[in-house]
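Secondary and tertiary structure notes
One letter stands for each residue in the lines below.
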Amino acid sequence: MPQLSFFDDLFTPPETFDDISALGDSIYEGEKDKDWFTDNDITGGKSYSFYGTKVFEFLPRKTQKSATRLKVCKEVYADMGLGEASAQFTTVQIESEEDMERLRAALRKRKQVIFRNLISETFGCCNDFMRCSEAEACIHKEDRFFNGCMYRSNLEQGKIFYGPKRNVD
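All of the points below concern the structure found in this document.

The rules behind these values
- Residues numbered from 1 in each chain as written.
- Predicted model: local features only at pLDDT ≥ 70, side-chain atom pairs only at ≥ 80, totals over all residues.
- Heavy atoms only, no water.
- Phe/Tyr/Trp six-rings, centres within 6.5 Å; stacked < 30°, edge-to-face > 60°.
- Helix = DSSP H or I, 4+ residues; strand = E, 2+ residues; numbered from the N terminus.
- Buried < 20%, exposed > 50% of the residue type's maximum accessible area, 1.4 Å probe, protein only.
- Contact = heavy atoms within 4.5 Å.
- Pairing = 2+ DSSP bridges.
- Axes fitted to C-alpha atoms, helices over the stretch in contact; angles between N-to-C directions.
- Salt bridge = Lys/Arg side-chain N within 4 Å of Asp/Glu carboxyl O.
- Core = buried A, V, L, I, M, F, W, Y, C linked by side-chain atoms within 4.5 Å.
- Expected span 1.5 Å × (residues − 1).
- Left-handed = near helix turned anticlockwise from the far one by under 90°.

With that settled, the discussion passes to the packing of aromatic side chains. Scanning the model with the defined rule gives 16 aromatic pairs in all. Pairing Phe123 with Phe146 gives two aromatic rings, centres 6.3 Å apart and planes at 75°, and the pair type is edge-to-face. Linking Phe123 in the loop between helix H3 (97–116) and helix H4 (129–135) with Phe146 in the loop between H4 and helix H5 (150–156), this pair joins segments that are 23 residues apart in sequence. Given a relative accessible area of 16%, Phe123 falls into the buried group.

Relative to the helices and strands, Tyr162 is located in the segment after H5. On the accessibility criterion, Tyr162 (31% relative accessible area) is partly exposed. Spatially, the C-alpha atom of Tyr162 lies 34 Å from that of Phe50, the residues being 112 residues apart in sequence. In contact with Tyr162, other than residues within four places in its own chain, are Phe129, Met130, Ser133 and Tyr151.

Here we come to the sheet that holds strand S2 (residues 45–50). Within the open sheet, the five strands sit side by side as S1-S2-S3-S4-S5. Their pairing is antiparallel. Edge positions in the open sheet fall to strand S1 (38–42) and strand S5 (89–92), since each of these has one partner strand only. Taking each pair of neighbouring strands and ignoring which way they run, the sheet shows an average axis angle of 30°. On the sheet, helix H1 (residues 17–27) packs against S2, strand S3 (53–59) and strand S4 (69–73) and is oriented at approximately 10° with respect to S2. Across the face of the sheet, H3 comes into contact with S2, S3 and S4 while running at roughly 150° to S3.

On to the pattern of salt bridges. Under the defined criterion, the tally for this structure stands at 19 salt bridges. With a shortest N-O distance of 2.4 Å, Glu57 and Lys54 are connected by a salt bridge. A relative accessible area of 10% means that Glu57 is categorised as buried. We note a salt bridge from Arg102 to Asp99, for which the minimum N-O separation is 2.4 Å. Here Arg102 pairs with Asp99, and both are found in helix H3, just three residues apart, close to one helical turn. Here the salt bridges do not stand alone but share partners, grouping Glu97, Glu101, Arg104 and Arg108 into one network.

In terms of nonpolar packing, the biggest core is built from 27 residues, with Phe50, Phe56, Leu70, Val76, Leu103 and Leu107 touching the most fellow members. Within the residue set of this core, elements represented by two or more residues are H1, S2, S3, S4, helix H2 (74–79), S5 and H3. Of all the elements, H3 adds the most residues to this core, at six residues. By size, the runner-up hydrophobic cluster in this structure holds nine residues, among which are Phe123, Phe146, Tyr151 and Ile160.

Once that is clear, we can look at H3. Across its 20 residues, H3 extends 28 Å between first and last C-alpha, which sits within 8% of the 28 Å expected from 1.5 Å per residue. For H3, every residue scored as buried is listed here: Asp99, Met100, Leu103, Arg104, Ala106, Leu107, Arg110, Lys111, Ile114, Phe115 and Arg116. Against the buried residues of H3 lie H1, S2, S3, S4, H2 and H5.

What follows covers the packing of H1 against H3. As a packed pair, H1 and H3 sit with axes 10 Å apart at the nearest point and diverge in direction by 65°. Crossing of H1 over H3 shows right-handed handedness. Residues Leu23, Ser26 and Ile27 of H1 touch H3, and the partners they reach there are Met100, Leu103, Arg104, Leu107, Arg108 and Lys111.

Attention shifts here to the pairing of S1. The two faces of a sheet get side chains in turn, since along a regular strand they alternate between them. Bridging between S1 and S2 involves five bridges; their strand directions are antiparallel. Bridging from a neighbouring strand, Asn40 pairs with Ser47 of S2. Hairpin connection, S1 to S2: the antiparallel pair is bridged by two residues, and Gly44 has positive phi, about 85°.

This is the structure:
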């Protein structure tokens, strides 16, 4: 029988830049772009961005009396189920593993929205339209160039124009 410890369930909120780096590692989904998660120094801490779009700020504790602050953008705040934020960046309290998982899920969602909206130019479809039709999804999901594919948008809506799985006349 495994030995249980009182310390197994202790949750520690992010307190250091290394903790934020680990948070980034935990939401990594195989992105190939080097700029998927970057940081910039700000007064008292760092701001963090997905694909160049600022998503949250982290201000670590400076003294024993001060508190660590994590400020997230409106969209992440709302996706965490906290309602509508009154400012562009709002402080959130991460006090449990459940709070942390809500933060991770909201950050993943925001990252995916930002990625999907990185469109350099639009085009009808690429030369892999038959393979995408067979897969019922774009086969180039990790490559931001293919965000501009109009056929990809149709596939995401369940519309398949080519091949045996065709469902649009």
